[in-house]
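If you want the building blocks of each chain, they are given just below.
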Amino acid sequence: MARRIVWRPYIAGALLGVVATISVLVTTQILDKPQYLGASTTFVRAAGMIERLIVPNHVAQNPYFTKEKVIVDWQFMLLIGVFVGACLASLADRSFKAESTPPIWRERFGSRVAVRAVGAFFGGILAMFGARMADGCPSGHGLSGLMQLSVSGFLALALFFATGVLLAHLIYRGKEVRHE
Amino acid sequence: MNEQWLGLITGILFGALLQQGRVLRFEKQVGAMLLKDMTILKFMLSAIIVGMIGINLLASLGLVALKIKATQLGAILAGGILFGAGWSLAGYCPGTSIGAVAEGRWHAVWAILGMLAGAALFAETYPFLKGSLLAWGNFRTITLPGVLGISPWAVIPLLTVVYILIFVWFEKKGM
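Residues numbered from 1 in each chain as written. Chains lettered and ligands numbered in written order. Predicted model: local features only at pLDDT ≥ 70, side-chain atom pairs only at ≥ 80, totals over all residues. Heavy atoms only, no water.

Student: Whenever I open this one, the overall build of chain B confuses me. Can you help?
Tutor: Of regular secondary structure, chain B possesses 8 helices and 0 strands. Its helices and strands in sequence order give chain B the pattern α-α-α-α-α-α-α-α, from N to C terminus. Out of the 175 residues belonging to chain B, those deemed buried represent 59%. Restricting to contacts in chain B with at least 6 residues of sequence separation, those with at least 24 account for 61%. Accessible area of chain B: about 6,800 Å², with a carbon and sulfur share of 75%. Between the averaged position of the 12 positive side-chain charges in chain B and that of its 6 negative side-chain charges there is a distance of 7 Å. (Helix = DSSP H or I, 4+ residues; strand = E, 2+ residues; numbered from the N terminus. Buried < 20%, exposed > 50% of the residue type's maximum accessible area, 1.4 Å probe, protein only. Contact = heavy atoms within 4.5 Å. Areas by Shrake-Rupley, 256 points an atom, 1.4 Å probe, with all protein chains shown as cover. Lys, Arg positive; Asp, Glu negative; His and termini not counted. Charge placed at Lys NZ, Arg CZ, Asp CG, Glu CD.)

Student: Help me understand helix α2 (residues 26-33) of chain B, please; the structure alone is not making it clear to me.
Tutor: Residues spaced three or four apart along an α-helix point in a common direction, a consequence of the helix completing one turn every 3.6 residues. Where burial is concerned, most of α2(B) is hidden: 8 out of the 8 residues are buried. Taken residue by residue, α2(B) has F26(B), E27(B), K28(B), Q29(B), V30(B), G31(B), A32(B) and M33(B) as its buried positions. As for α2(B), its buried residues are in contact with α6 (103-109), α7 (113-134) and α9 (151-172) of chain A together with α3 (39-60), α4 (73-90) and α5 (94-102) of chain B. Two residues or fewer past α2(B), L35(B) is found with a positive phi of approximately 60°.

Student: Help me understand helix α8 (residues 152-173) of chain B, please; the structure alone is not making it clear to me.
Tutor: Here α8(B) is 22 residues long and its end C-alpha atoms lie 31 Å apart, about the 32 Å a rise of 1.5 Å per residue gives. Summarising the contacts, the buried residues of α8(B) are in contact with α1 (8-31), α8 (138-147) and α9 of chain A together with α3 and α7 (144-148) of chain B. Among the residues of α8(B), the N-terminal cap falls to S151(B), whose side-chain oxygen and the backbone nitrogen of W153(B) are separated by 2.9 Å. Looking one or two residues past α8(B), G174(B) carries a phi angle of roughly 65°, positive in sign. (Expected span 1.5 Å × (residues − 1). Polar contact = N/O pair within 3.5 Å; in protein donor to acceptor, adjacent residues only side chain to side chain.)

Student: Explain the packing of α9(A) against α2(B) to me, please; I cannot follow it from the model alone.
Tutor: The geometry of a pair of packed helices is captured by two quantities: the angle between their axes and the separation between those axes. Where α9(A) contacts α2(B), the axes come no closer than 7 Å and their chain directions differ by 100°. Taken together, α9(A) and α2(B) sit at an angle that is classed as roughly perpendicular. Along the contact surface, α9(A) presents F161(A), G164(A), V165(A), A168(A), H169(A) and Y172(A), while α2(B) presents F26(B), V30(B), A32(B) and M33(B). In the contact of α9(A) with α2(B), the residues fall into 8 nonpolar, 2 polar and no charged. (Axes fitted to C-alpha atoms, helices over the stretch in contact; angles between N-to-C directions. Parallel < 35°, antiparallel > 145°, perpendicular 65-115°, else oblique. Nonpolar A, V, L, I, M, F, W, Y, C, P; charged D, E, K, R; others polar.)

Student: It is not clear to me how the environment of M133(A) should be interpreted in this structure. Could you clarify?
Tutor: Tracing the backbone shows M133(A) in helix α7. Of the residues examined, M133(A) reaches a relative accessible area of 7% and is grouped as buried. With near-sequence residues (within four places) excluded, M133(A) lies in contact with A75(B), A78(B), G79(B), L82(B), F122(B), L129(B), L133(B) and L134(B).

Student: How should I be thinking about the interface of chain A and chain B in this particular structure?
Tutor: The figure often quoted for interface size is the accessible area lost as the parts come together. Contacts between chain A and chain B engage 126 residues on the former and 122 residues on the latter. Between chain A and chain B lies a buried interface of about 10,800 Å² when both sides are counted; carbon and sulfur atoms form 74% of it. Contact with chain B buries area across many residues of chain A, yet Y10(A), M133(A) and L149(A) alone supply 7% of it, more than any other trio. Linking chain A with chain B are 3 salt bridges, by the criterion used here. Linking E99(A) and R105(B) is a salt bridge whose minimum nitrogen-to-oxygen distance equals 3.9 Å. Remark: the boundary between chain A and chain B carries 32 residue pairs in polar contact (both at pLDDT 80 or more). Listed by contribution, the elements that provide at least two residues to the side of chain A that touches chain B are α1, α2 (40-54), α4 (63-68), α5 (74-92), α6, α7, α8 and α9 of chain A. Looking at which element gives the most residues to the side of chain A that touches chain B, the answer is α1(A), with 21 residues. Looking at the side of chain A that touches chain B residue by residue, the classes come out as 78 nonpolar, 33 polar and 15 charged. (Buried area = accessible area lost by both parts, 1.4 Å probe. Salt bridge = Lys/Arg side-chain N within 4 Å of Asp/Glu carboxyl O.)

Student: Teacher, can you tell me more about the nonpolar core here?
Tutor: Nonpolar side chains in soluble globular proteins tend to be buried together. Core analysis: the largest hydrophobic core is formed by 101 residues, its most contacted members being L16(A), F43(A), L143(A) and Y172(A). Among all residues touching L16(A), those that are not within four sequence positions of it are L37(A), L143(A), F14(B), L17(B), F43(B) and A47(B). (Core = buried A, V, L, I, M, F, W, Y, C linked by side-chain atoms within 4.5 Å.)

Student: Whenever I open this one, the layout of surface pockets confuses me. Can you help?
Tutor: The volume enclosed by the largest pocket comes to roughly 750 Å³. The wall of the largest pocket is formed by 34 residues, among which T41(A), R45(A), Q75(A), K67(B) and K69(B) lie closest to the centre. Secondary-structure elements contributing two or more residues to the lining of the largest pocket are α2, α4, α5 and α8 of chain A. (1 Å grid on protein atoms, 1.4 Å probe; cavity = no way out; pocket = protein on both sides within 12 Å on 5 of 7 lines; lining within 4 Å. Points joined across faces, edges and corners; volume = space filled by probe spheres on them.)

Student: What exactly am I supposed to notice about empty space enclosed by the protein here?
Tutor: Leftover empty space is mapped by rolling, across the atoms, a probe with the size of a water molecule. Inspection of the entire model under this criterion finds 1 cavity of 30 Å³ or more. Counted as a void, the largest cavity has a volume near 140 Å³. Residue assignment for the lining of the largest cavity shows that the elements contributing at least two residues are α8 of chain A together with α1 (2-20), α3 and α5 of chain B. The residue makeup of the lining of the largest cavity, split by class, is 10 nonpolar, 4 polar and no charged.

Structure (structure tokens):
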């Protein structure tokens, strides 16, 4: 049974490897500090910025906000760039699509936005609490960790994926996934 | 300002490649967790092969320094399990949640709001976790070649072959 290989993820992934390598070199030469791909620390900084509007003293005294620094740094701008780049690329090839609930979710839980909102919100809390605890997400631990052969990266990515596989099978109970 | 501009430019490329690799979609993320569609792992491992060779080459030439995260068993075990659970429910990791909204999948906004709440919650509990769970089993910044006591260039070809064999297996299984 010869299937047609979809090269898209391999090519885009390999190009990201080139971008990550060049980025480490350029940030070392220009900023004198290497910047590796990552995402989850930015959520700490963004949360700190929002909290600071309401309880500035509390944020100033919190040891975690003090440690990670509530500033717009390289990674914060990286994530703004991710938004811009993904938006432009999806408009360019017309794959941009407004969607209120994802297909697999809809098959399992229906198309009510409120149900999806509660599930995603609760999932988001767990995911970010875990990522900050582990000190990284699939970008920082997964991509950057494995590129650098870090033991923490291999351990974290294996755990992320193993738990994800287990829970997804419980949550979505073997619902058929449509291929592209 | 250089730091911010470099971040923005790199991010635009990162976002465009995530989008073109089609990894920003809920069905690709959950599809991988259901072991039916391995697009995100094909993307990640392809990036890892190229980045692993590129970054280690630069490091071996003395042009860049590595930035290794500490291997703290307690933190990684507990955090890894919590992350995996949340990831399956949210359907997005932190980076892809931002990109998903950008390509019109606005339901990822709920996941982003949850992640912001999760980050705020962690900041509150950090003072209590810091000296206990997070400090347990700290092996500091160790690498695979470091632990094995061999050159990274002995590990890199081997891992490259392993990753490519994983690709072959995915394609054979039609995942």
